[in-house]
Number of protein chains: 4
Amino acid sequence: MAATAALRPDEAREQMAPAFPPPPVTARPIDRDAWIAAFRHVRGETERRAAPLSAEDQQVQSMADASPTKWHRAHVTWFFEQFLLREHLPGYAIYDERLHYLFNSYYVAAGPRQPRIQRGLITRPTMAEVTAYRAHVDRAVEALLDQASESGLEAVLPILEIGLYHEQQHQELLLTDILHAFAQNPLGPAYDPDWQFPAASAPSGQIRLDRSVAWIGHDDDGFSFDNESPRHEALIPAGRIDKALITNRQWLAFMEDGGYAKAELWLSDGWYAGPGEGWEAPGYWRRDGDGWATMTFGGVRPVDLDAPVTHVSYYEADAYARWAGRFLPTEFEWEVAARNGELPDAFGLVWQWTRSAYLAYPGYRPLPGALGEYNGKFMANQFVLRGSSAATPVGHARIPYRNFFYPHQRWQFTGLRLADAA
Amino acid sequence: MAATAALRPDEAREQMAPAFPPPPVTARPIDRDAWIAAFRHVRGETERRAAPLSAEDQQVQSMADASPTKWHRAHVTWFFEQFLLREHLPGYAIYDERLHYLFNSYYVAAGPRQPRIQRGLITRPTMAEVTAYRAHVDRAVEALLDQASESGLEAVLPILEIGLYHEQQHQELLLTDILHAFAQNPLGPAYDPDWQFPAASAPSGQIRLDRSVAWIGHDDDGFSFDNESPRHEALIPAGRIDKALITNRQWLAFMEDGGYAKAELWLSDGWYAGPGEGWEAPGYWRRDGDGWATMTFGGVRPVDLDAPVTHVSYYEADAYARWAGRFLPTEFEWEVAARNGELPDAFGLVWQWTRSAYLAYPGYRPLPGALGEYNGKFMANQFVLRGSSAATPVGHARIPYRNFFYPHQRWQFTGLRLADAA
Amino acid sequence: MAATAALRPDEAREQMAPAFPPPPVTARPIDRDAWIAAFRHVRGETERRAAPLSAEDQQVQSMADASPTKWHRAHVTWFFEQFLLREHLPGYAIYDERLHYLFNSYYVAAGPRQPRIQRGLITRPTMAEVTAYRAHVDRAVEALLDQASESGLEAVLPILEIGLYHEQQHQELLLTDILHAFAQNPLGPAYDPDWQFPAASAPSGQIRLDRSVAWIGHDDDGFSFDNESPRHEALIPAGRIDKALITNRQWLAFMEDGGYAKAELWLSDGWYAGPGEGWEAPGYWRRDGDGWATMTFGGVRPVDLDAPVTHVSYYEADAYARWAGRFLPTEFEWEVAARNGELPDAFGLVWQWTRSAYLAYPGYRPLPGALGEYNGKFMANQFVLRGSSAATPVGHARIPYRNFFYPHQRWQFTGLRLADAA
Amino acid sequence: MAATAALRPDEAREQMAPAFPPPPVTARPIDRDAWIAAFRHVRGETERRAAPLSAEDQQVQSMADASPTKWHRAHVTWFFEQFLLREHLPGYAIYDERLHYLFNSYYVAAGPRQPRIQRGLITRPTMAEVTAYRAHVDRAVEALLDQASESGLEAVLPILEIGLYHEQQHQELLLTDILHAFAQNPLGPAYDPDWQFPAASAPSGQIRLDRSVAWIGHDDDGFSFDNESPRHEALIPAGRIDKALITNRQWLAFMEDGGYAKAELWLSDGWYAGPGEGWEAPGYWRRDGDGWATMTFGGVRPVDLDAPVTHVSYYEADAYARWAGRFLPTEFEWEVAARNGELPDAFGLVWQWTRSAYLAYPGYRPLPGALGEYNGKFMANQFVLRGSSAATPVGHARIPYRNFFYPHQRWQFTGLRLADAA
């Protein structure tokens, strides 16, 4: 979303000293200013993304998978209050105990919560009241960072850090959720009339992968989510992986060859969830005369044939690969190709489906306590995506990062690249 | 709602010359000022009812049966634009043709429309934009009333009149819908902290009905809906009807006697729709220590034992009557009792369930065109309620008025009075 | 079904002394032989209807509204055991206490029971075991009738009588349920290859009804269900009622005029339940080249244009009447016309939808105890049908008889005749 | 099921020369007699398993995942007719073309078919007619095997072979499906009153797995399904795997420790699908005084504490492993342990859940044509089970065999053994 006016970062500042990511939590001495800058940067980015949205826009929940903008803004704030301030800031007064129920997402260990599908029913606190809640927590977090002893900070920084990455994940959802909401409106409102999808480098050719036993997973002193560990070996068979993402032009060839009408191309579950429910094109596509248009952040626009295809589900990506007589890569193949530094368009355009189910790495243990629910409890029925998308905040993505969605979901910026066996 | 600050009418003005109802459409000469005053009164009342609600409040749709405040405000405006201005104001420019799809409710003959259960997804136009739409239409209607020839007005007034009564119906729904939305919020927001339920006169005794053949239905030169016609004869058996409404105190006795747990008291459909879904008290009631509280316009408050019971469904009213060894009156018995001028608390407290299914009167014909869909197409599976409620606008209710809801619905202010066979 | 080979009664015997209906329960002295004959006749008729069906046929439950043949045969037997033998035959040993749970239908007061939609899952007892259960109960009932004292019989006969009428109702359901099951089978099996729909007399003209106050409801010393009482007065407006039933030929004209495609002809609930679910013709109709065929007891056959239309829901009957610019009669109009002895084709062809909701007659009280659940608890959301059908057992139908179904249901032999206001 | 009287094989004959599995399809010269014996053995086993079931039992479909016995018996017969006889037996007359629609399961390429959830509605053909269909196809297959030229047989044997393994899979389903049906019957019928669950060897200790790169998948000249190929390398981390299956006694300890009540032990999807739907014990368990009973082929019996736990879903197995602080093995770890010849109780008791999602092996290609739908199109949302169960036919299971079910399913004989990281 770098090109979005509303979200355009302070480019001059960023060029001098990017505020995010912050230093490793283990770096000593602790650079308080850098952490405060990172905190302000992330908190500010959320508000920049929400800024073009009216109170009504921020209220709506357009499906069970999505959440209101207002809820995102409050939930990430609750996260800091619940896991950071409640325990680590002496004398901190909870802003409003009643918000705890409303803005817990899925942390069972943190207590009962508003049913997910009813998040859109909570009109109060209003948008403005959530802004006040955010300011209250911001002040408290900054005071904590300012005043804590060095040893106090040591305990605090790992929680602060996960809170920042957590908020960034919600920044991406905030955009994809509002796009889904706007797509339900026959008026097709624009989030940013000037918005442009970032240009792909669109290289040709393939990267060769030799048979190897490779190390997979988190391996440096920076941040990682628990699902990227333990680092472990995986056997990579010989093969090749495309440098380019699949484009809308290629996808249209699939459609014109009856791709959505041939059951033999589809997984059985996908056939029922997709074409069986009327799918005949990627998400948000609609017929436009002889061609196709699609809902974008800039409103409804003609499909750009040279852009990477997006808003396709795993089922569609898998059917496309079968139609092409090829394969989706595994998440390990993708990671090895990316580690070798050769994988163009890996980040910033579309998340790339892999044919790897989202499962625990060997010996995986979730974090203790409520934060252990962050990733581990979703390890069934989902597939891994790698890379990042045009909606991912700058500085958030990393090579070993594992994103995951159900195979029918397609409201994220999800696309694909293909691979071949040796 | 007369006691609601936000809705409090200009009492002085009303006492001098109530603006509503307007003169009969057949009165000559036509009193333009009276019609303009009525129009302004009704349009203003909608805005007075919406005034305490934030943009977020006006956005939310808390169930399929309810609509957002913003939608109500726009839909009643569309009604005037579609049925009055489009045809009868020469040179009128439709405000925005795209709103037609969004704010048509159920008039199939008026074209396709936004699916009812997705009304809450339309964040744009915003609350403020709907306000502008209302102002545009208000100006046009007033111009029409101002400028039309006498013969032009003759064609226009019947449509204007139904538009006013239509808007009043939505004024009632606006309040009951937002109460339902607020009831979903664990914070229990108050629409008007000073709100009080109007006091019932709570008389004792019964009205005796002699066997008779009575005239039923609309019978004067004032406004009526088409479902009140044709006026026709009905046989009224001898019987008695209570002067008082059933109170919360009486309802608690039913509950304490196991009323919600004894299948033999319930209609089969009601048993599954009510206790089978966990009902154990009227709508919005919640346990409060040893007693009960309920959601009101003033927020969550202890149940007032002396007030009429409300938010009960037909199934509950019917079970209560069976438990009491008595009957709900028919809509004809109610009408005859009310015509005799003897039925206290008939209006302004709670709609009163009758045991009459909502069906056509003998020889009934709906209005021609789209307005024929107003009432006639709902004549199955619903029951008639008579009277009016605390949320009904002043001047709206009349003796032959037939309200109707499905027997499981209870988000309206619905209560009951009982009757006996002779 | 008189023409069905499998069901063909012993005509000679019947002509001499029809076994059903039995004498009035109040007739003295009690004619034991007549009652035993009636019992044998009814019990035998059930078995004659089941005889063409295999064990597999008798097992299947094709939808929630239908029941397996085997269940019908056992349930009516349980009814005699539960309400007659358990209490009135000293020393009677319950055949198998476990059957009580399986074969109670909906009598809450008689205890818990197998969920209705799971009746088809009970493979044991088998068809043969149900036959043995029937024989056991038959012997016991006959012994009771044989041996009871005169005063004992006085208590027993009213229960026996309702049991016989109850079993006859299930005889009709047995046939309509198996027809529904066979209609799900692409092979379209025939229940009776020689089956013919009884010929209608198809008269022309109308019966004139003068304005009157008429007595409605049960009025002789024969059997009646509790919902036919109390006998009461109703006001009949002047009008006319057709002598003939609507035919398939007439229905085709409605279809060809777009009857299933014009929303303005339909009740709102009907539009969604019918055309909204893909209905384009009566139940069981399927396209057959340029014409239409339909599933019958004789298998799939071309639609007989001169036969009365059947398998139409209330929603369809109502839409047809609106299309024709006419009305369905009320149940009272139907009853008055039939009492005057002038209503041809009232019985033995198709049940006739009326525009009367199924409600209690004024002052209605259900029977005490479990049998009070027989009719009363269904008095919401259904419409009354009058007459009887080709599947109704001989001797069962009477003029004041009130049948009732939900307005979307159409697996019964349901048709219509029309009426006009004066 | 070896102990089942109805299924007891001819032990003497089997000891001399087991008829199944047949020789490899590549063995030359082709041993016709051995193939005919294998065919008769498998076909006969289906009938032996169906023999204790009445026509009613064979009709019922108790849930969407299950099929009627009659359908199984006919479908496996259709498989031979469709894939073997139709193409390879000159002059073969299809028994009844209409059966094609009824008994195709999910082969889209083989044409449209009876909706899965409506298999239980097909009462005709009857059980006896299916027996005749089986006999017709048996004769034709045997004639083909008898008369075909050597080169003809070469084309035929691979199809025959997959048909035999296919029928064996349905033999297992036949039993698990009827157990589910019987479990819905409050009478708890016994399939075989003398049935006993096979005794587990219940060894103690663990098998050590060293870090290795192991060959995985089909590797001999015997039969395999396409999903066991290609044979490929996998990296096996160092670890340990239990020799024993988890027992009911161990499972009770999990239950008594609140295993079904602690959300932190469960995958999120599992928490909603399992405890969220009321699960509090394995499938078919019911409280029995202070203890537990369970539905078995011998009827309802007390839970045998020393037997392996069965009828647990993946979600339950996964929660148990988390509770125990241990892991389910991967399918590769299981296969390596079994190949080393050290894995007791691997076969014949319960299928063992692994933590491997059911996915394609690297380079996997399904068979061409309709048979390519056999396995490949189910490669999403399911987990792999290894081994075999008490319901698996003798001779069917092999080490590389991959069974797969959805993680919520538990009507198969599914249990678990645990593993540890090194």
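Our subject is the structure that appears above.
Residues numbered from 1 in each chain as written. Chains lettered and ligands numbered in written order. Predicted model: local features only at pLDDT ≥ 70, side-chain atom pairs only at ≥ 80, totals over all residues. Heavy atoms only, no water.

Details of the overall build of chain A
Secondary structure summary: chain A contains 11 helices and 12 strands in total. Taken against the 2.2 N^0.38 rule, which gives 22 Å for 422 residues, the C-alpha radius of gyration of chain A at 22 Å falls within 12% of a compact globule. Overall size of chain A, expressed as C-alpha extent along the three principal axes, is 65 × 50 × 45 Å. Classification of the 422 residues of chain A by burial places 62% in the buried group. When contacts within chain A are restricted to residue pairs at least 6 apart in sequence, long-range pairs at least 24 apart make up 78% of them. Entry remark: accessible area of chain A is about 15400 Å², with carbon and sulfur atoms responsible for 53%. Looking at chain A, you have 39 positive and 53 negative side-chain charges, and the mean spots of the two groups are 2 Å apart. (Helix = DSSP H or I, 4+ residues; strand = E, 2+ residues; numbered from the N terminus. Rg over C-alpha atoms; globule rule 2.2 N^0.38 Å. Buried < 20%, exposed > 50% of the residue type's maximum accessible area, 1.4 Å probe, protein only. Contact = heavy atoms within 4.5 Å. Areas by Shrake-Rupley, 256 points an atom, 1.4 Å probe, with all protein chains shown as cover. Lys, Arg positive; Asp, Glu negative; His and termini not counted. Charge placed at Lys NZ, Arg CZ, Asp CG, Glu CD.)

With respect to the packing of aromatic side chains
Within this structure, the stated rule accounts for 148 aromatic pairs over all chains. Ring plane angle 40° and centroid distance 6.1 Å describe the contact between tryptophan 78 of chain C and tyrosine 107 of chain C, whose orientation is recorded as tilted. On the criterion of sequence distance, the pair formed by tryptophan 78 of chain C in helix H4 (residues 69-88) and tyrosine 107 of chain C in the loop between helix H5 (98-103) and helix H6 (127-147) is long-range, its members being 29 residues apart. You'll find tryptophan 78 of chain C and tyrosine 107 of chain C in the same group, each marked buried. A connected cluster of aromatic rings, assembled from ring pairs, spans Trp78, Phe79, Phe83, Tyr106, Tyr107, Tyr358, Phe378 and Phe404 of chain A. Across from the ring centre of tryptophan 279 of chain A, 3.6 Å away, lies the NZ or CZ of arginine 410 of chain A, which sits over that ring. The positively charged end of arginine 119 of chain C is found above the aromatic ring belonging to tryptophan 71 of chain C, 3.6 Å away from the centroid. (Phe/Tyr/Trp six-rings, centres within 6.5 Å; stacked < 30°, edge-to-face > 60°. Lys NZ or Arg CZ within 6 Å of the ring centre and 35° of its normal.)

A closer look at the sheet that holds strand E6 (residues 291-296) of chain A
Residue and element names in this part refer to chain A. Judged by pairing direction, the sheet is antiparallel, and its 3 strands sit side by side in the order E5-E6-E7 without closing on themselves. Only two strands of the sheet have a single neighbouring strand rather than two, namely strand E5 (285-288) and strand E7 (299-302). Ignoring strand direction, the axes of neighbouring strands in this sheet form an average angle of 35°. Relative to E7, E6 is paired through 4 bridges, and the arrangement is antiparallel. Its bridge partner being in E7, alanine 293 is matched across the sheet by proline 302. (Pairing = 2+ DSSP bridges. Axes fitted to C-alpha atoms, helices over the stretch in contact; angles between N-to-C directions.)

Let's talk about the relation of the copies chain B and chain C
Copies of the same chain, two in number, are related to each other by a rotation about an axis and a translation along it. Between the two copies, chain B and chain C, the superposition gives an RMSD of 0.0 Å; the rotation angle is 180° and the shift along the axis is 0.0 Å. The transformation relating the two chain copies, once decomposed into turn and shift, fits a two-fold axis. Considering only C-alpha atoms, the part of chain B nearest the rotation axis is asparagine 381 of chain B, at 2.3 Å. (Least-squares fit on C-alpha atoms with pLDDT ≥ 70 in both.)

Observations concerning the interface of chain B and chain C
Counting residues at the interface gives 34 residues for chain B and 34 residues for chain C. Buried area between chain B and chain C, summed over both chains or domains, comes out near 2700 Å², and the portion from carbon and sulfur atoms is 55%. If you look at where chain B meets chain C, you find 2 salt bridges. Of the charged contacts in the structure, one is a salt bridge between glutamate 233 of chain C and arginine 211 of chain B, with a shortest N-O distance of 2.6 Å. In this structure, the connection of chain B to chain C is made through 12 residue pairs in polar contact (both at pLDDT 80 or more). Of all elements in the fold, only strand E3 (232-236), helix H9 (268-273) and strand E8 (351-357) of chain B reach the threshold of two or more residues within the side of chain B that touches chain C. Looking at the side of chain B that touches chain C, its residues break down into 20 nonpolar, 6 polar and 8 charged. (Buried area = accessible area lost by both parts, 1.4 Å probe. Salt bridge = Lys/Arg side-chain N within 4 Å of Asp/Glu carboxyl O. Polar contact = N/O pair within 3.5 Å; in protein donor to acceptor, adjacent residues only side chain to side chain. Nonpolar A, V, L, I, M, F, W, Y, C, P; charged D, E, K, R; others polar.)

Considerations on the pairing of strand E1 (residues 206-209) of chain D
Residues and elements named next belong to chain D. Residues Ile207 and Leu209 line the buried face of E1, whereas the alternating positions Gln206 and Arg208 sit on a face that is not buried. Bridging between E1 and strand E4 (residues 239-242) involves 4 bridges; their strand directions are antiparallel. Of the residues in E4, the one forming a bridge with isoleucine 207 is isoleucine 241.

Spatial relationships are all this shows, so hold off on functional conclusions.
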